[in-house]
Amino acid sequence: MEDLSSRIRRLCNCVHADASFLDEWSFDQFQSLLNRSNEDTSLKELLLQDNLVIFLHLLGCDSNGHAHRPFSSIYLNNVKVVDRIAERVYSLLEDYYKDNRTAYVFTADHGMSDKGSHGDGHPSNTDTPLVVWGAGVKNPKPISSINHSDDGFHFVDEHAHDMPTPIDWGLNGIERVDVNQADIAPLMSTLLGLPCPVNSVGNLPLGYVDMIEAEEVEAVLANTKQILNQFLRKSQIKQSNSLFFKPFEPMAQYSSLLEHIELLLSVRDYQTAMTLTEKLRSLALQGLHYFQTYDWLMLMTTITLGYVGWMIYLILHVLQSYTSVAGNIYEQAAQQKHKTTKVYLFGCLLMAVISFLVFVEHSPPLYHAYIGMTVFLWTQILGEYQFFEALWRNITGRKSNYAIKLLAACVVSILILELLVNSFTERKLYTYCFFTVGIVASIYLFKSIPWRSGIPIFVCIACWCLSVFTLMPAEIPDNNGLVITSGFIIITIGAVARWIDQHSEGNKFWFSICYHQMEKPRVSFLFYVQALLVGLSSIMVWLATSHRTEKQELHALHQFINWSLAGFSILLPLFSENGIFSRLTSIFLGFAPPFLLLSIGYEAVFYGALALVLLAWILFENTLLHLTKVNKLSASSRDMEKLATMEDDRYLQLSDVRIPLVFLVLFNVAFFGTGNFASIASFEISSVYRFITIFSPFLMAALLIFKLLIPFMLVICVFSAITKLLRVPRLGCYFLVILFSDVMTIHFFFLVRNTGSWMEIGNSISHFGIVSAQVVFVLLLFAITNVYTKDIRIGSDSSSSRKAM
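What comes next concerns the included structure. (Residues numbered from 1 in each chain as written. Predicted model: local features only at pLDDT ≥ 70, side-chain atom pairs only at ≥ 80, totals over all residues. Heavy atoms only, no water.)

A word on the overall build of the protein
Reasoning step 1: Of the regular secondary structure elements, the protein holds 29 helices and two strands.
Reasoning step 2: Expressed as a percentage of its 805 residues, the buried residues of the protein come to 44%.
Reasoning step 3: Sequence-distant contacts in the protein: of pairs separated by 6 or more residues, those separated by 24 or more amount to 76%.
Reasoning step 4: Carbon and sulfur atoms provide 63% of the accessible area of the protein, an area that totals close to 41,900 Å². (Helix = DSSP H or I, 4+ residues; strand = E, 2+ residues; numbered from the N terminus. Buried < 20%, exposed > 50% of the residue type's maximum accessible area, 1.4 Å probe, protein only. Contact = heavy atoms within 4.5 Å. Areas by Shrake-Rupley, 256 points an atom, 1.4 Å probe, with all protein chains shown as cover.)

A few points about the environment of S764
Reasoning step 1: The residue S764 is located in helix α28 (residues 758–789) in this model.
Reasoning step 2: With a relative accessible area of 9%, S764 lands in the buried category.
Reasoning step 3: The sequence separation of S764 and F750 amounts to 14 residues, and the corresponding C-alpha distance is 9.5 Å.
Reasoning step 4: Among the polar contacts made by the side chain of S764, one reaches the main-chain carbonyl oxygen of I761 at a distance of 2.7 Å. (Polar contact = N/O pair within 3.5 Å; in protein donor to acceptor, adjacent residues only side chain to side chain.)

Brief notes about the pattern of salt bridges
Reasoning step 1: For the coordinates displayed, the defined rule picks out 12 salt bridges.
Reasoning step 2: The salt bridge involving E216 is made with K138; its shortest N-O contact spans 3.6 Å. Taken as a pair, E216 in helix α8 (residues 213–241) and K138 in the loop between β2 (130–134) and α7 (184–192) lie far apart in primary sequence, 78 residues in all.
Reasoning step 3: Here E216 falls in the buried class, since its relative accessible area comes to 13%.
Reasoning step 4: By relative accessible area, which is 22% here, K138 ends up partly exposed. (Salt bridge = Lys/Arg side-chain N within 4 Å of Asp/Glu carboxyl O.)

Some points on the packing of aromatic side chains
Two measures describe an aromatic ring pair: the distance that separates the ring centres and the angle between the ring planes.
Reasoning step 1: Counted by the stated rule, this structure contains 35 aromatic pairs.
Reasoning step 2: Taking 5.0 Å as the distance between ring centres and 25 degrees as the angle between the ring planes, the aromatic pair formed by F595 and Y607 counts as stacked. Note that F595 is positioned in helix α22 (residues 580–597) and Y607 in helix α23 (residues 603–632), a separation of 12 residues in sequence.
Reasoning step 3: On the numbers, 5.7 Å between centres and 85 degrees between planes, the contact of Y734 with F782 is edge-to-face. Pair noted here: Y734 is in helix α27 (residues 730–751) and F782 is in helix α28, with a separation of 48 residues, a long-range link. In this pair, the class of Y734 matches that of F782, namely buried.
Reasoning step 4: These aromatic residues form a ring-pair network of at least three members: Y322, F663, F667, F712, F719, Y734, F735, F777 and F782. (Phe/Tyr/Trp six-rings, centres within 6.5 Å; stacked < 30°, edge-to-face > 60°.)

What to know about a nonpolar patch on the surface
Reasoning step 1: There is a patch of nonpolar side chains on the surface, built from L243, F244, L349, V353, F356, L357, F359 and V360 and spanning about 830 Å² of accessible area.
Reasoning step 2: By secondary structure assignment, the location of F359 is in helix α13 (residues 340–360).
Reasoning step 3: With a relative accessible area of 58%, F359 lands in the exposed category. (Patch = residues over 30% accessible without salt bridge, like charges linked within 9 Å, V, L, I, M, F, W, Y side chains within 5 Å.)

Remarks on empty space enclosed by the protein
Reasoning step 1: According to the stated counting rule, one finds four cavities of 30 Å³ or more in the structure shown.
Reasoning step 2: Here the largest cavity is characterised by a volume of approximately 230 Å³.
Reasoning step 3: For the largest cavity, the lining is made up of 16 residues, of which L584, T585, F588, A611 and L615 are closest to its centre.
Reasoning step 4: Listing elements by their share of the lining of the largest cavity, those giving two or more residues are α19 (480–502), α22, α23 and α26 (697–726).
Reasoning step 5: Tallied by class, the residues present in the lining of the largest cavity amount to 14 nonpolar, two polar and no charged. (1 Å grid on protein atoms, 1.4 Å probe; cavity = no way out; pocket = protein on both sides within 12 Å on 5 of 7 lines; lining within 4 Å. Points joined across faces, edges and corners; volume = space filled by probe spheres on them. Nonpolar A, V, L, I, M, F, W, Y, C, P; charged D, E, K, R; others polar.)

Some thoughts on the nonpolar core
Reasoning step 1: Grouped together as the largest cluster of nonpolar side chains are 120 residues, with contacts concentrated most on F434, L466, Y607, W617 and F663.
Reasoning step 2: It is α26 that provides the largest number of residues to this core, a total of 18 residues.
Reasoning step 3: If we ignore the near neighbours within four places in the chain, the residues touching Y607 are I490, I587, F588, F591, A592, F595, I710 and L714.
Reasoning step 4: Counting residues in hydrophobic clusters, the runner-up holds 33 residues, among them I184, F231, I261 and Y294. (Core = buried A, V, L, I, M, F, W, Y, C linked by side-chain atoms within 4.5 Å.)

A closer look at helix α5 (residues 73–97)
Reasoning step 1: With 25 residues, α5 should reach 36 Å at 1.5 Å per residue; the first-to-last C-alpha distance of 37 Å fits that figure.
Reasoning step 2: Looking at α5, one finds that the buried residues are Y75, N78, V81, V82, I85, V89, L93, E94, Y96 and Y97.
Reasoning step 3: Its buried side turned inward, α5 meets α2 (20–37), α3 (41–48), α4 (60–68) and β1 (103–107).
Reasoning step 4: Backbone geometry just after α5 places K98 at a positive phi near 55 degrees. (Expected span 1.5 Å × (residues − 1).)

Digging into unusual backbone geometry
Reasoning step 1: Positive phi outside glycine occurs at N100, with the angle close to 55 degrees.
Reasoning step 2: Position of N100 among the secondary structure elements: in the loop between α5 and β1.
Reasoning step 3: Judged by its relative accessible area of 63%, N100 is exposed.
Reasoning step 4: Of note, R727 is a non-glycine position whose phi angle comes to about 60 degrees, a positive value.
Reasoning step 5: With respect to the secondary-structure elements, R727 resides in the loop between α26 and α27.

Here it is in structure tokens:
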């Protein structure tokens, strides 16, 4: 018989393979096992022993459902294969044992949506079959009003317990007994006559077992004792390690309740005994949860204080290193520096005491790290109390309108950050945001600069174009025609940008970002090469799509061309001119080919729309910069000296808070603009088939992640260019990005949940993890994109300003 591993490889090597042969292989192996036992005495003895479990894993439906979707002919045929295998397994076992002592449990681990994904709380994903028959199993019961009373129990997907059987199942009038998946373990143990698994938290479903009333109570009591022992062990471990132990009060009298149940059993009061047993089991499960979350309050408090301390420390660092506030304040606080020694001594003593207490309680090493870091941060903060006192005097000594501006900046920042937090679950918020920003920004520009410049209208249109994409479905539908068309859209955007870049001389609103060196560009035809590569990428998308439609494997030459296009194009921006507009246009065109080759639908158009908004951001900031310089201009030579100083790097100001805020908004739009990438179900594996047609999970994951990074890199390149344009410290802005990300992180920290569907639990954790890792992630992308942006040059418009005077 062909080796399993080679057959699996053969399956993975063909995109359209039918995985139902895996089920046939499993049955063949099982049948072969039974046949060999007729010649192998030891194997025969093993198969004839009591309490034997035979586990048959039929993988075909899972594989075909994910690969071909549940309504495909391949999947529906696989369902028939599984039906036949279930029938054949039953016949084999009954013919082999001939004693009617075999119980059969037929179930699955999850359901599936129409697109072949799973994990959310929809009934199609959470409802799975459980069909039990054979020895020790009750016969089906007809539905009656007595059997079907609503007991108030609901599952995580809000489905009531033991609902009527759907008509399309063809089981009209038969009672359906719904259980949690955890309940299958005690069910199988009871059918085998074995104790429940040690760590099981399931409740024995009596609707499946055929027992008399006395046996039912005994079985439920055994299930209760197993859970109770888990509770007692957890309680014992926590009590032995805790200096201030708090027991679970509802279980204080568990022993007397257990004795009372035993007494009721001895006098054959089974109904009361069952009620008390189920109550004790419920309390034991609550007690388990109590001890699993025993340190919840301490950990939540410690981590919250740690985050708050870290945010205050960041504010302190930015004020001291990147603003002009620190100079005056340090002069006032220098005389009191020796007083901070007491603060540090107290911090060291507090850390030693807490570390000793945590060590005595045998807490995990992470507890030491959480507490140690929190104490360290707050010691550093309190050590700067003179700085805070001087800062407060500085703020209160200014005019009242400065305090109002500071308060307004804080309120607006928090509102924007809360919008970002809620956008993780409601993408439509970005639509409202960009629609509103487009109107407000264009009105502001209309009042500030001539409308003939076209900038106000362009900013509005760009924002409105991007706002459309967050109304589209998170699961991107296949539309390769749109991907091909978007290639020509990208070329058009690049051509217009190139024309503006070459014909903007003398325009005061474009001069700084359309800076050209006097010498001839290093590669004059670079734009035409990049446009050609984008066009070739569109052609290769069409070619790969036609092959897949005809169920033909992509040729090795086609794969080589795709890899060459993607690799060569991302290197070309390094040879472009070093003006802001020239370099960013080249970066936009350079990353377009790999993005197109990895796209399957409307996300390819999103790439162009995002670029338009990034350009609008640059134009808006450049306009503000020009207006600021004009406002500071006067006829005196003193003002001319002021203008000259603006050509040098400057400190961060309160108004510069908008830069990291806009960056975070655009960064998150790049993340969620074309779907919920916090969920693995949002990835469409077919997008990598233009580069690789064999199953290679690591390479496929790398390609998907690279596709995800491309919009981020555009945003970060523009962010770096704007910091150079405005001559503000980029590192200071990055620290503000960290600060704002931590505000979002602490919010997501309180939204993490451990109950609900896979998607609800997973997304709550992934949202927290994504925002937590965002600061490191952004730093790494800064290092990568610095290769493209480090030699960007800014045009000086001081000469044109003097002419205007």
